[in-house]
Amino acid sequence: MTIALFITCFNDTLFPNTGKAVVTILERLGHQVAFPEEQTCCGQMHFNTGYQSEALPLIKRFVRVFSEYECIVSPSASCVGMVRDMYQYAAEVAKDKGLAAEVKALAPRVYELSELLVNKLGLVDVGAYYPHRVTYHPTCHSIRGIRVGDAPEQLLRAVRGIDYVPLPAAEECCGFGGTFAIKNADTSMAMLSDKMRNITGTRAEVCVAADNSCLMHIGGALHRQRTGVKIAHLAEVLASGEQA
Amino acid sequence: MKPDSVIIELSPEFSVGAKQALQNTQLRRNMGKATQTIRAKRATVVGELPNWESLRDAGERIKAETMAHLDVYIERLEKNIQAAGGTVHWASTAAQANEIVTKLIQATKSKHIIKVKSLTTDEIRLNEALEAAGITPIETDLAELIIQLAHEKSSHILVPAIHKNRSEIRELFQKAMHLPDLTDEPKELAAAARTFLREKFMTVKVATSGANFAIAETGSVCVVESEGNGRMCLTLPDVLITVMGIEKILPRWEDLGVFMQLLPRSSTGERMNPYTSIWTGVHPGDGPQEFHIVLLDNGRTQVLGDSVGRQTLHCIRCSACINICPVYERTGGHAYGSVYPGPIGAILTPQLVGTEHAASLPYASSLCGACYDVCPVKINIPEVLVHLRGRVVREKHSHVSGWLDPESIGMSGLGQVFGNRMAYEGAQTMGKLAQWLFVHDGYIENGPGPLGAWTAMRDLQAIPDQTFRQWWRERNEHDDHA
Amino acid sequence: MTTTRNQVLADIRAATARGERPGHQTHSFATDLQAEAALSPSALVHMFAERVSEYKAWVGYSTSAGLSEAIGERLALYGTRYVVPADFPADLVQQLPCVRDEQLSHADIASADGVVSLSALGIAQTGSIVLDAGVGQGRRVLTLLPDYHLCVVYAASIVLTVPEAFERLRASIQERRAPLTFISGPSATSDIELNRVEGVHGPRRLEVIIVDAPGR
């Protein structure tokens, strides 16, 4: 099957390894990856910050770039949530019936990586080997937005060599929240410090999540406080093989 | 409408109040303990009901249908209350409601009133209006009493004194009730309040209350409570005056059966609250022989007119969203500057007073969605927050100056960049070049401009040398050559 | 007054006319809910008793024939002067230290050692008792001011769920326009650090006698 990769502007620029990992996993499973180079940003940051008219052209652009693909995958739960949950609302706000119809047809074909693997492809073991102590932070948009359930944990538990430690109070927000982390930096940090305490308490070497945005926030504090705990996107864990 | 009601302390920005609150370690300890306790209790009793999700659906549908036909139901309620011997008053604004209540009390010649805890009367600042007219309102709910004695503002809709711990309360009671030997044992504190208030219950002849629900079909009004102060105020006085927002109506008697399952479990985490009183007009020989109800708009019809915002009116004030909110847990209620704090406050306050008076509240959330999951009537709070953010920006952009603030300039610039592939790829390169001055070992520890807010407390990962798309292109070129 | 009324109504109509108006419902969504599986009569009473006692209320059992004696045993524990509703069954109170509420003053009621009343029904799932001013229940103030409330609940009046209770109470509201009081344990507060403390303004001690429980 040909699967189109929606890398997201954030991963494209800041976390290219996550994109490479998605390509590795899908090709290892025998799929073809397409990367439409006209893609830029889904418009989430603009839309969620209130800049709805600035977001609209980006939404239309996304729909134009991806509507020819049958199956689209993204290593970002929050960007998938934007497309699946907010595009419809954005089309309604813009009173654009044509766009609403296109979104309705496209949105169900957009998957977050763990959803694609577990729910659509029916896989739990993707042939990964990762001999590290790992904890997993389920990001808000992955569990309460697009509701991936325990698909990521299922995938992690099937990784060979992994020492998976559940994270206490896992479902609590890490405090990132997009522009929230800047607009309400103090509150954001107060939330992050509790998350940090829970992560370091697991004595994990690596904290994994399905959103690099939250991971950048968490990783920034882990690095600042010299905890030695690293961050990794779920895709990077799943892409690791014996030889690596 | 002016923000002279609802808003109790117009703070310029949520982040300013939050910063202050975050520095108060006692407050953070109290709040953390309280919210963790109540979350666990709620989860247990909600888990007991196998049909909880269908109950939520029913709650949502009942409310949606009520709002769509509010005119029909409110006239039906009026007719049935009148038929049962009650008097119905209408108020468009807080000032009108306060005037009605003040005049009704003045007609009784009473100089004091006893009050059942009521957010609606807090919203309209009834106490201030009464005091200005020489009438002393006595709060009879324990937490409201604590707040009143401390001359403080409420920080939670259900437990207004949630920010105070037992030793703080003891000190307050020791002074106000002249009980130097009082300990900080909650049981003893409650007993002190019982003695202090019993005399008021037995002597004051007028009471005010809010209402949790009113049933259009029967003309019945319902107050849900725990301490028995509600029952005291609803049965002992000669005159009862209830102030109720127009959105509290339920169409039919059996609808109340749905909400009496949803509310206690969501609110105090109990299967049922200790006391619920339901009365229908005046009951001869039982309770107040004069009953007035004031139906209050105070901005609600504006909310009703907004198709996305309307669901805010479905709120039954249970406080589950407040208790679950990770932002509220850290900042407490005062940072919201409103009678209505937490997630529900962040959407209700700006709609009642106008987003221009509370522009930072829709941003007082990380959009984590925990509030939506626990809401017993399924108010999609994150959706309404984003909706209101859109309104805030549109209002900002209605002035030329609004386009010139750094955020607007940045957002509009980024919008241009993302709108064009060449510009986007150019910006990626620019970013890489521009950051060299700040990067050490792959991280930025002291960022310029708005990045400063980020790097004040955490490092920022630097942009790597190669973007994903560059890698993709390079790989394909290799493949082509191979 | 009329003008404000018309203004609010006009504002409501203007606001609702703008949005989509779903069809007017002729039945309640409440009735769409799936009913709980029924319990056996003895399991129902057991659940009720268990959940009432979880609120820290004492629960005892009696037969109809032994009720007067069962009440007497409890009353002997706490005092010598109790109040009962004016229409409290005569055969129950003859031997008991009870005064009928024939226009008692609030002060008289408050100074009693306790109150004995019947009830309209019990709700097993929530451990609640409902008073609807029916026979033997009296006016609301009677069961409020004394510090002790002994409430008699007939096993046959216990229902499983809250909606079932509302269904039964419809007649009390529509035919008698009765005031209702739902009681779930003694009065309580969680206002101090969210710790539940039993006993604030209402009766601090609640006791329940379940009459004619099947299998007992």
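Residues numbered from 1 in each chain as written. Chains lettered and ligands numbered in written order. Predicted model: local features only at pLDDT ≥ 70, side-chain atom pairs only at ≥ 80, totals over all residues. Heavy atoms only, no water.

**Examining the interface of chain A and chain B**
Point 1. Listed as interface residues are 64 residues of chain A and, on the opposing side, 68 residues of chain B.
Point 2. Regarding the contact of chain A and chain B, the summed buried area is about 5,800 Å², with carbon and sulfur atoms giving 58% of it.
Point 3. For chain A, the biggest contributors to the area lost against chain B are Glu-37, Tyr-51 and Arg-224 of chain A; these three give 12% of the whole.
Point 4. Summed over the shared surface of chain A and chain B, the number is 14 salt bridges.
Point 5. At the junction of chain A with chain B, the criterion picks out 40 residue pairs in polar contact (both at pLDDT 80 or more).
Point 6. Here the side of chain A that touches chain B gets ten residues from one element, more than from any other, and that element is helix H11 (residues 185–201) of chain A.
Point 7. Looking at the side of chain A that touches chain B residue by residue, the class counts come to 30 nonpolar, 19 polar and 15 charged. (Contact = heavy atoms within 4.5 Å. Buried area = accessible area lost by both parts, 1.4 Å probe. Salt bridge = Lys/Arg side-chain N within 4 Å of Asp/Glu carboxyl O. Polar contact = N/O pair within 3.5 Å; in protein donor to acceptor, adjacent residues only side chain to side chain. Helix = DSSP H or I, 4+ residues; strand = E, 2+ residues; numbered from the N terminus. Nonpolar A, V, L, I, M, F, W, Y, C, P; charged D, E, K, R; others polar.)

**Quick look at the domain arrangement of chain A**
Residue and element names in this part refer to chain A.
Point 1. Domain boundaries assigned for chain A yield domain 1 (2–120) and domain 2 (133–239).
Point 2. Each of domain 1 and domain 2 was reduced to a C-alpha centroid, and the two centroids are 22 Å apart.
Point 3. Between domain 1 and domain 2, the contact holds 28 residues from the first and 24 residues from the second.
Point 4. When domain 1 packs against domain 2, the two sides together hide about 1,900 Å² of surface, and 67% of this comes from carbon and sulfur.
Point 5. Connecting domain 1 to domain 2 are zero salt bridges.
Point 6. At the level of elements, helix H1 (9–14), helix H2 (16–28), helix H3 (44–49), helix H5 (77–93) and helix H7 (113–120) are the ones that each hand at least two residues to the side of domain 1 that touches domain 2. (Domains from an automatic or database assignment.)

**Let's talk about the sheet that holds strand E8 (residues 230–233) of chain A**
All names here are of chain A.
Point 1. With respect to topology, four strands assemble into an open sheet ordered E6-E5-E7-E8, the strand pairing being parallel. Looking at the sheet topology across the chains shown, the edges are occupied by strand E6 (163–165) and E8. Shown here is a sheet whose adjacent strand axes are inclined to one another by a mean of 35°, direction ignored. (Pairing = 2+ DSSP bridges. Axes fitted to C-alpha atoms, helices over the stretch in contact; angles between N-to-C directions.)

**Some details on the interface of chain C and chain B**
Point 1. Counting residues at the interface gives 79 residues for chain C and 99 residues for chain B.
Point 2. Roughly 7,700 Å² of surface becomes buried between chain C and chain B when both sides are summed, with 57% attributable to carbon and sulfur atoms.
Point 3. It is Arg-140, Leu-194 and His-201 of chain C in chain C that bury the most area against chain B; as a group they hold 11% of the surface buried on that side.
Point 4. On the surface where chain C and chain B come into contact, there are 13 salt bridges.
Point 5. As a salt-bridge pair, Glu-193 of chain C and Arg-166 of chain B come within 3.1 Å of each other at their nearest N and O atoms.
Point 6. Seen at the junction of chain C and chain B, the total is 33 residue pairs in polar contact (both at pLDDT 80 or more).
Point 7. Looking at chain direction, strand E9 (residues 275–280) of chain B and strand E9 (residues 180–183) of chain C are connected through four bridges and run antiparallel. From the neighbouring strand, Ser-277 of chain B faces E9 of chain C, where its bridge partner is Thr-181 of chain C.

**Some thoughts on empty space enclosed by the protein**
Point 1. Using the criterion set out here, one finds eight cavities of 30 Å³ or more in the structure.
Point 2. Put simply, the largest cavity is a space of about 620 Å³.
Point 3. Elements represented by at least two residues in the lining of the largest cavity include exactly helix H6 (119–123), strand E6 (220–225), helix H11 (229–235) and helix H12 (253–267) of chain B together with strand E10 (188–189) of chain C.
Point 4. Estimates place the volume of the second largest cavity at around 110 Å³.
Point 5. Cys-325, Pro-343, Ser-365, Ser-366 and Cys-371 of chain B are the residues nearest the centre of the second largest cavity, which is lined by 18 residues in total.
Point 6. Only helix H15 (326–331), helix H16 (342–353), helix H17 (370–374) and helix H18 (381–396) of chain B provide two or more residues apiece to the lining of the second largest cavity.
Point 7. Sorting elements by how many residues they give to the lining of the second largest cavity places H18 of chain B first, with three residues.
Point 8. Class assignment of the residues belonging to the lining of the second largest cavity gives a composition of 14 nonpolar, four polar and no charged. (1 Å grid on protein atoms, 1.4 Å probe; cavity = no way out; pocket = protein on both sides within 12 Å on 5 of 7 lines; lining within 4 Å. Points joined across faces, edges and corners; volume = space filled by probe spheres on them.)

**Concerning the environment of Trp-253 of chain B**
Point 1. Inspection of the secondary structure assignment puts Trp-253 of chain B in helix H12.
Point 2. Owing to a relative accessible area of 1%, Trp-253 of chain B belongs among the buried residues under this scheme.
Point 3. Each C-alpha atom, one on Trp-253 of chain B and one on Ala-335 of chain B, is 39 Å from the other, the two residues being 82 residues apart in sequence.
Point 4. For Trp-253 of chain B, the residues in contact, after removing those within four places along its chain, are Ile-215, Glu-217, Thr-218 and Ile-278 of chain B together with Phe-166, Leu-169, Arg-170, Ile-173 and Leu-180 of chain C.
Point 5. Among the polar contacts made by the side chain of Trp-253 of chain B, one reaches the main-chain carbonyl oxygen of Phe-166 of chain C at a distance of 2.7 Å. (Buried < 20%, exposed > 50% of the residue type's maximum accessible area, 1.4 Å probe, protein only.)

**Description of the arrangement of the chains**
Point 1. Counting contacts across all two pairs of chains that touch, the top-ranked interface belongs to chains B and C.
Point 2. Between chain A and chain C there is no contact, and the shortest C-alpha to C-alpha separation is 13 Å.

**Topic: the pattern of salt bridges**
Point 1. For the coordinates displayed, the defined rule picks out 61 salt bridges over all chains.
Point 2. In this structure, Glu-38 of chain A and Arg-61 of chain A form a salt bridge, with 3.1 Å as the shortest nitrogen-oxygen distance. With a gap of 23 residues between them, Glu-38 of chain A in the loop between strand E2 (32–34) and H3 and Arg-61 of chain A in helix H4 (residues 52–66) connect regions that are remote in the sequence.
Point 3. For Glu-38 of chain A, a relative accessible area of 38% corresponds to the partly exposed category.
Point 4. For Arg-61 of chain A, a relative accessible area of 7% translates into the label buried.
Point 5. Across the salt bridge formed by Lys-103 of chain B and Glu-99 of chain B, the nearest N and O atoms sit 2.9 Å from each other. Pair noted here: Lys-103 of chain B and Glu-99 of chain B are both in helix H5 (residues 94–108), with a separation of four residues, about one helical turn.
Point 6. According to the relative accessible area criterion, Glu-99 of chain B is partly exposed, its value standing at 44%.

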